[in-house]
Amino acid sequence: MLPPSLKRYAWLSIAAALATILLKGWAWWLTGSVGLLSDALESFVNLAGAMMALAMLTLAAMPADQNHAHGHGKAEYFSSAFEGFLILVAAVAIAYTAIERLLNPQPLEAVGIGLAVSVVASIINLATSQILMGVGKKYRSITLEADAHHLRTDVWTSAGVILGVGLVWATGWLWLDPVIALLVAMNIVWTGWQLLHRSAAGLMDISIPTEDIEAIEAVLDRYRSQGLDFHALRTRQAGSRAFVSLHVLVPGAWSIQQGHDWSERIEADIRQAVPYAHLTTHLEPLEDPLSLADQELDRFPE
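It should be emphasised that the depicted structure is a prediction, and the values quoted were computed from it without experimental measurement. (Residues numbered from 1 in each chain as written. Predicted model: local features only at pLDDT ≥ 70, side-chain atom pairs only at ≥ 80, totals over all residues. Heavy atoms only, no water.)

In terms of regular secondary structure, the protein chain is built from eight helices and three strands. In the protein chain, the order of α-helices and β-strands from amino to carboxyl end is α-α-α-α-α-α-α-β-β-α-β. Taking 2.2 N^0.38 as the reference for a compact globule, 302 residues should give roughly 19 Å; the C-alpha atoms of the protein chain span a radius of gyration of 25 Å, well beyond that estimate. The principal-axis extents of the C-alpha atoms in the protein chain amount to approximately 85 × 35 × 35 Å. (Helix = DSSP H or I, 4+ residues; strand = E, 2+ residues; numbered from the N terminus. Rg over C-alpha atoms; globule rule 2.2 N^0.38 Å.)

Attention now moves to the nonpolar core. Counting 24 residues, the largest nonpolar core has Ile94, Val161 and Ile188 as the members making the most contacts within it. Contributing elements (two or more residues each) for this core: helix 1 (7–31), helix 2 (34–60), helix 3 (75–103), helix 4 (111–139), helix 5 (142–171) and helix 6 (176–203). Beyond its immediate sequence surroundings of up to four residues, Ile188 is in contact with Glu42, Ile87, Ala90, Ala91, Ile94, Thr153 and Thr157. (Core = buried A, V, L, I, M, F, W, Y, C linked by side-chain atoms within 4.5 Å. Buried < 20%, exposed > 50% of the residue type's maximum accessible area, 1.4 Å probe, protein only. Contact = heavy atoms within 4.5 Å.)

A few words now on the packing of aromatic side chains. Taken as a whole and judged by the stated rule, the model has two aromatic pairs. Between Tyr223 and Trp262 the ring centres are 6.1 Å apart and the planes differ by 80 degrees, which places this aromatic pair in the edge-to-face class. You can see Tyr223 sitting in helix 7 (residues 210–224) and its partner Trp262 sitting in helix 8 (residues 256–273), a full 39 residues away along the chain. For Trp262, a relative accessible area of 18% translates into the label buried. Taken together, Tyr223, Trp254 and Trp262 form an aromatic cluster joined through their ring pairs. Over the ring of Phe243 we find Arg236, and its NZ or CZ is 4.3 Å from the ring centre. (Phe/Tyr/Trp six-rings, centres within 6.5 Å; stacked < 30°, edge-to-face > 60°. Lys NZ or Arg CZ within 6 Å of the ring centre and 35° of its normal.)

Bringing the pairing of strand 3 (residues 277–285) into the picture now. Relative to strand 3, strand 2 (residues 241–250) runs parallel, the two sharing nine bridges. In the sheet register, His247 faces strand 3, and the bridge partner there is His282. Following the backbone out of strand 2, through helix 8 and into the adjacent parallel strand 3, one traces a crossover that is right-handed. (Pairing = 2+ DSSP bridges. Right-handed = clockwise from strand over helix to strand, strands pointing away.)

All right, on to the sheet that holds strand 2 then. Pairing within the open sheet is mixed, and its three strands lie in the order 1-2-3. Unpaired on one side and paired on the other, strand 1 (229–238) and strand 3 mark the two borders of the sheet. The mean inter-strand angle of the sheet, taken between neighbouring strand axes irrespective of direction, is 10 degrees. Here eight bridges tie strand 1 to strand 2, and the two strands are oriented antiparallel to one another. The partner of Ala238 across the bridge, within strand 2, is Arg241. (Axes fitted to C-alpha atoms, helices over the stretch in contact; angles between N-to-C directions.)

Below, the structure is given as structure tokens:
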């Protein structure tokens, strides 16, 4: 069973980014707030990330071929890494603009309607992030999860900016506006770093999540109670697909057919526990000492 196409959710993210760019840009134009400008600039990052997500989800959905026998799932990590990089670039731009405004303060205008427009944009981002996070977790798509995390960060950023601009309006302290923009820049640097770190981990063949490994071990424990044993369990995550390999130790007196039948049952149960997992099992006799000699990743000739 293959994961369904997730491209329509990337299109949803693109639509939300375009809507928030227009709304937040309008809010900045109305008020002149550098805090709201920083919020609008981050929406451009959302748009670029969503477009990259669409491209990489399209590539990830391609079936395995002769040159890519394990599929194209790792393409998703390029999308999340690209979005992380764009977030860092946006942070630099926001910080530069904020420092310039801190040195040259300017009064804000039409704050009430500007904040109202920004609130509407934040509601759009929040609703979109909820949808993307739910789908991303269900189908283990790091691309959609990264997009959702970024949008959620954007929502909290917007809340901080709206609060700050409201305080400037109420108190007349113009320095609050660029200071909040600098805090926004620092916040999204952290988000960008997290996305880059997770993308690098995926490209380095990180293991599947701990809860999935525990689910696999629970399946294996049920079969251990029936006289079988297992070792050399290895896993890696490639986008939405998990790759799992393990050695199955069965009584040496069993026929090949018996061992194969039991392996098929074990693989079916693991697929129930870990959706979209690709299983590779290797049969070995329980009684043979050599069966215990191949548990390490590297096995050298003696």
